[in-house]
Amino acid sequence: MNPQAMLIFTSSLLLGTTIVISSNHWITAWAGLEINTLAILPLISKSHHPRAIEAATKYFLTQATASALLLFSSMTNAWHTGQWDITQMTHPTSCLILTSALAMKLGLVPFHFWFPEVLQGSPLITGLLLSTAMKLPPIALLYMTAQSLNPTVLTGMAILSAALGGWMGLNQTQVRKILAFSSISHLGWMAIILIYNPKLTLLNFYLYTLMTATIFLTLNSTNTTKLSTLMTSWTKAPALSAMLMLTLLSLAGLPPLTGFLPKWLIIQELTKQEMTPAATIIALLSLLGLFFYLRLAYCATITLPPHSTNHMKQWHTNKPIPSSIAILTVLSTTLLPLSPMISPTI
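Residues numbered from 1 in each chain as written. Predicted model: local features only at pLDDT ≥ 70, side-chain atom pairs only at ≥ 80, totals over all residues. Heavy atoms only, no water.

- Named according to an unreviewed UniProt entry, the protein chain is NADH-ubiquinone oxidoreductase chain 2 originating from Eremophila alpestris.
- The record in UniProt for the protein chain states the following under Sequence similarities (unreviewed entry): "Belongs to the complex I subunit 2 family."
- Its UniProt record gives the protein chain a comment under Catalytic activity (unreviewed entry), which states: "a ubiquinone + NADH + 5 H(+)(in) = a ubiquinol + NAD(+) + 4 H(+)(out)". (UniProt positions renumbered as here; feature names shortened; annotations may be inferred.)

Structure follows, in structure tokens:
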């Protein structure tokens, strides 16, 4: 892609996200979301492969529908209350439509069907943007409207997301689809705690972004998109594969790695709110995700030759590991000791 065009699209993404995060009025928030959608579309379809064009079309249709619903909910609220302020969303029907619109933007169950398909049709770096940066504006809007949303609807969506994200990821062989279902599962954890402690939702999102960025950049560095290719990547870059294994285990939420921190704090908060059954269910459902993370980690590091894959062995590379991946891996695996500093602020 032309560097000037790339610069325009990237700066538009930053602009759209900044507008959404800093807006008080629903129309400006909607405009920011639209700028974001239009800026990411060329990045999805830049390879001109039929699957990429299909992914861009699916993404456009779902995001346009979600934006229309968002505008409809804010107009309904303004009609009943005379308020366009984001924090003044008080009408129950508007809140329900808004929850549906933002769930569609994020890919929460039952509006999740588009996300794995779009991620599978996108390049790895665009996939990283879709999994992280594009989720920030809707999560910021959820954060601002958290007090008005229906707890039962959000909890139901959250548990279904954790369940379907885990179950549907079990049978996949494409790494991008596995990461898409992983994202849906993590969104469940963010949604379940949103009403009770919105700061925990943001903490979970930041740490999820950190770990997912590490995984996508590592896969991009080794040019891996399938499990069968992942099995042969050890010979090419052993250190990167080892780092990938640690990050995957962290994303699964195993102690003593960074990913354990948000799960621990969320389960603790749910128990305080007398939601022990929900905490138990979502904790058990995260075991489904653990299975496919372990499968990825197994393919990345434990399937050393000789094994039964028909792929050619890759040449060992002496290129140094990019410093961004090294820094992100350290952060993705070693932040748990910071939890005493984080706990008082949440």
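1. Side note on the overall build of the protein chain
Phase 1: Secondary structure summary: the protein chain contains 16 helices and 0 strands in total.
Phase 2: Relative to its length of 346 residues, the protein chain is compact, with a C-alpha radius of gyration of 20 Å against a globular reference of 20 Å.
Phase 3: Overall size of the protein chain, expressed as C-alpha extent along the three principal axes, is 70 × 50 × 35 Å.
Phase 4: Looking at the protein chain as a whole, 54% of its 346 residues are labelled buried. (Helix = DSSP H or I, 4+ residues; strand = E, 2+ residues; numbered from the N terminus. Rg over C-alpha atoms; globule rule 2.2 N^0.38 Å. Buried < 20%, exposed > 50% of the residue type's maximum accessible area, 1.4 Å probe, protein only.)

2. Points about the nonpolar core
Phase 1: Core analysis: the largest hydrophobic core is formed by 96 residues, its most contacted members being Tyr-59, Leu-130, Leu-141 and Ile-192.
Phase 2: When residues are assigned to domains, this core turns out to be shared by domain 1 (1–137) and domain 2 (150–307 + 320–345), each giving three or more.
Phase 3: Apart from the residues within four sequence positions on either side, Tyr-59 is in contact with Thr-37, Ile-40, Leu-41, Ile-44, Trp-114, Val-118, Leu-130 and Met-134. (Core = buried A, V, L, I, M, F, W, Y, C linked by side-chain atoms within 4.5 Å. Domains from an automatic or database assignment. Contact = heavy atoms within 4.5 Å.)

3. Observations concerning the domain arrangement of the protein chain
Phase 1: Here the protein chain is partitioned into domain 1 (1–137) and domain 2 (150–307 + 320–345).
Phase 2: On a C-alpha basis, the centres of domain 1 and domain 2 stand 23 Å from each other.
Phase 3: Contact residues are listed per partner, giving 25 residues for domain 1 and 29 residues for domain 2.
Phase 4: Roughly 2,300 Å² of surface becomes buried between domain 1 and domain 2 when both sides are summed, with 79% attributable to carbon and sulfur atoms.
Phase 5: It is Val-109, Gln-120 and Leu-124 that lose the most area in domain 1 upon contact with domain 2, and together they represent 29% of the buried surface on that side.
Phase 6: Our enumeration of links across domain 1 and domain 2 arrives at 1 salt bridge.
Phase 7: For the salt bridge of Lys-177 with Glu-117, the shortest nitrogen-to-oxygen distance reads 3.4 Å.
Phase 8: Only helix 4 (92–106), helix 5 (114–121) and helix 6 (124–131) provide two or more residues apiece to the side of domain 1 that touches domain 2. (Buried area = accessible area lost by both parts, 1.4 Å probe. Salt bridge = Lys/Arg side-chain N within 4 Å of Asp/Glu carboxyl O.)

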